[in-house]
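Residue-level structure breakdown
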Amino acid sequence: MPKMKTTSSAKKRFKFTGSGKIKRKHAFKSHILTKKGTKQKRNLTHSGLVHKADEANIKLQLCVK
């Protein structure tokens, strides 16, 4: 059986924290920022955590058990 390959898009987007949770960045911060308020842009800067329901799919894409 061939080796499992990591999904390239997932390895660029997600990192693991020290406690094993998966860290992610917020969407909607790349362009068309003139119509968004300062508060919204500031809050999108901070990283967030992946929801527990999505963790299994991301771990499968990253080939992590």
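All chains use their own residue numbering, which begins from 1 and follows the written sequence. This being a predicted model, a pLDDT of at least 70 is required before a residue's local features are given, and a value of 80 or more before pairs of side-chain atoms are given or counted; all residues contribute to the totals for chains, interfaces and linings. Hydrogen atoms and water are omitted, and side-chain values are computed over all heavy atoms in the structure.

- Identification of the protein chain as Large ribosomal subunit protein bL35 from Acidiluteibacter ferrifornacis is taken from an unreviewed UniProt entry.
- UniProt positions are given in the numbering used here, feature names are shortened, and annotations may be inferred rather than shown by experiment. Reading the Sequence similarities (unreviewed entry) entry of the UniProt record for the protein chain gives the comment "Belongs to the bacterial ribosomal protein bL35 family."

Remarks on the side chain of Lys36
- Secondary structure counts use DSSP, requiring at least four H or I residues in a row for a helix and at least two E residues in a row for a strand, with both numbered from the N terminus. Mapped onto the fold, Lys36 is located in the loop between strand S2 (22-24) and helix H2 (38-45).
- N or O atoms within 3.5 Å of each other form a polar contact, as long as, within protein, one can give a hydrogen and the other can take it, and as long as residues adjacent in sequence are counted only when both atoms are side-chain atoms. Side-chain polar atoms of Lys36 contact the backbone oxygen of His31, separated by 3.5 Å.
- We call two residues in contact whenever any of their non-hydrogen atoms come within 4.5 Å of each other. Filtering out sequence-adjacent residues up to four positions away, Lys36 remains in contact with Phe28, His31 and Lys41.

Description of the nonpolar core
- The set of buried Ala, Val, Leu, Ile, Met, Phe, Trp, Tyr and Cys residues whose side-chain atoms join them within 4.5 Å is what this entry labels a nonpolar core. Throughout, exposure labels follow a simple rule: accessible area from a 1.4 Å probe, protein chains only, divided by the maximum for the residue type, with under 20% read as buried, over 50% as exposed, and the rest as partly exposed. Judged by nonpolar contacts, Ala10, Phe14, Ile22, Val50, Ile58 and Leu62 together constitute the single largest core of 6 residues.
- Not counting residues up to four positions away in its chain, the partners in contact with Ala10 are Gln61 and Leu62.

Thoughts on unusual backbone geometry
- The phi angle at Ile32 is positive, at roughly 55°, despite the residue not being glycine.
- For Ile32, a relative accessible area of 48% corresponds to the partly exposed category.
- Backbone geometry places Cys63, a non-glycine residue, at a positive phi of 60°.

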